[in-house]
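Listed below are the residues making up each chain.
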Amino acid sequence: VERGEENDLLHLTFNSFQVEVWLGNLTGAADIAKDSLERARQLGGDLPLAMALTMRALLASLTGRESDTRADAGAALTASMRCGAHILAMWPLTALGLLEVTLGNHDAALETLKPLLTQLDTMADATEIITAGYVPDAAEAMVQVGRLDEAEELIDRLERNGRRLDRAWMMAVGARCRSMLLAAQGDIARARGAAQSALIQHDR
């Protein structure tokens, strides 16, 4: 702020917002999002607006506010495309995918996440939370619509990369999705064990 580098501050703010979300501090994340939108309005331009609206869309999806999620995610995608920030578009799509899963619209979730899953196919090991936070939602949706083989492929990636890099998040969501897959296959005992493994990783 003192050096007048507000554009750089936006990127730092977006990362700070994500950290607060991943820590479960949605109140802190909401404060950051509100400040970012005000800063974006002062700065002008599509990139600051896209980043601020993306934060609001992610928060709205996490708190189950359907109309807000759709409105902010749509506006964020439009602004991202106008300024050529195609990578940023991953986050509004992630918010929309989560919303559809939450609402039980599993086919719609998979249609929304299709561009991201296509990209993932070219980067099998790119399942860190910063690049693939949408993968557990996609796997869950696949299980719910009976696309079990495709779901298992995503789950295998999460579990493999989680063990390889010792990432608690990947192992936790991988085990949660594995539990749902096993339950869908009728293996309730192993499903229960996978769910318990997920809880252990979440405790980390």
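Predicted model, so just to flag it, every value in this text is computed and none were measured.

Chemist: Even after reading the chapter, I still don't get the overall build of the protein, so can you show me in this structure?
Modeler: Summing up its helical and strand segments, the protein has 11 helices and 0 strands in all. Ordering the α and β elements of the protein from the N terminus gives α-α-α-α-α-α-α-α-α-α-α. The C-alpha radius of gyration of the protein comes to 18 Å, within 12% of the 17 Å expected for a compact globule of 204 residues. Its C-alpha atoms give the protein principal-axis dimensions of roughly 55 × 30 × 30 Å. Here the protein holds 204 residues, and 45% of them are scored as buried. Summing over all exposed atoms, the protein offers an accessible surface of approximately 10400 Å²; the carbon and sulfur share of this is 52%. Taking the 20 positively charged and 29 negatively charged side chains of the protein as two groups, their mean positions are separated by 2 Å.

Chemist: Just to check I follow, could you spell out helix H2 (residues 26–43) for this structure?
Modeler: Since the α-helix packs 3.6 residues into each turn, any two residues three or four apart lie on the same face. Spanning 18 residues, H2 covers 25 Å between terminal C-alpha atoms, matching the ideal 26 Å at 1.5 Å per step. By the burial criterion, the buried members of H2 are Gly-28, Ala-29, Ile-32, Ala-33, Ser-36, Leu-37, Arg-39 and Ala-40. In this fold, the buried residues of H2 make contact with helix H1 (6–22) and helix H3 (46–62). Two residues or fewer after H2 comes Gly-44, characterised by a positive phi angle close to 75°.

Chemist: It is not clear to me how unusual backbone geometry should be interpreted in this structure. Could you clarify?
Modeler: Where the residue is not glycine, phi is negative for most of them; where a peptide bond is considered, it is trans in most cases. The backbone phi angle of Asp-166 is positive, close to 55°, even though this residue is not glycine. Its location among the elements puts Asp-166 in the loop between helix H9 (148–165) and helix H10 (168–184). Residue classification places Asp-166 among the partly exposed positions, given a relative accessible area of 48%.

Chemist: Got a minute to help me understand the nonpolar core in this structure?
Modeler: In summary, soluble globular proteins display a tendency toward joint burial of nonpolar side chains. Phe-17, Leu-88, Leu-117, Tyr-134, Val-135 and Leu-154 are the most contacted members of the largest nonpolar core, which has 48 residues in total. Ranked by size, the runner-up nonpolar core spans 5 residues in total, among them Leu-37, Ala-40, Ala-52 and Leu-53.

Chemist: Teacher, can you tell me more about helix H8 (residues 135–144) here?
Modeler: In terms of residue burial, H8 counts as a mostly covered element, since 9 of its 10 residues are buried. Of the surrounding elements, those touching the buried residues of H8 are helix H5 (90–103), helix H6 (106–120), helix H7 (129–132), H9 and H10. Note on H8: the residue one or two positions beyond its end, Gly-146, has a positive phi of about 85°.

Chemist: Explain the pattern of salt bridges to me, please; I cannot follow it from the model alone.
Modeler: When charged atoms on two side chains of opposite charge get close, those side chains can pair. In this structure the tally under the stated criterion is 17 salt bridges. Arg-178 is the partner of Glu-159 in a salt bridge, and the nearest nitrogen-oxygen pair spans 2.7 Å. Of this pair, Glu-159 sits in helix H9 while Arg-178 is found in helix H10, placing the two residues 19 residues apart along the sequence. With respect to class, Glu-159 is no different from Arg-178; both count as buried. Across the pair Asp-166 and Arg-204 runs a salt bridge, and its minimum N-O distance is 3.2 Å. Here the residue Asp-166 occupies a position in the loop between H9 and H10, and Arg-204 occupies one in the segment after helix H11 (188–203), the gap between them amounting to 38 residues. Taking relative accessible area as the criterion, Arg-204 reaches 53% and is therefore assigned exposed. What emerges from the salt-bridge pattern is a single network uniting Glu-152, Asp-156, Glu-159 and Arg-178.

What counts and what doesn't
Residues numbered from 1 in each chain as written. Predicted model: local features only at pLDDT ≥ 70, side-chain atom pairs only at ≥ 80, totals over all residues. Heavy atoms only, no water. Helix = DSSP H or I, 4+ residues; strand = E, 2+ residues; numbered from the N terminus. Rg over C-alpha atoms; globule rule 2.2 N^0.38 Å. Buried < 20%, exposed > 50% of the residue type's maximum accessible area, 1.4 Å probe, protein only. Areas by Shrake-Rupley, 256 points an atom, 1.4 Å probe, with all protein chains shown as cover. Lys, Arg positive; Asp, Glu negative; His and termini not counted. Charge placed at Lys NZ, Arg CZ, Asp CG, Glu CD. Expected span 1.5 Å × (residues − 1). Contact = heavy atoms within 4.5 Å. Core = buried A, V, L, I, M, F, W, Y, C linked by side-chain atoms within 4.5 Å. Salt bridge = Lys/Arg side-chain N within 4 Å of Asp/Glu carboxyl O.

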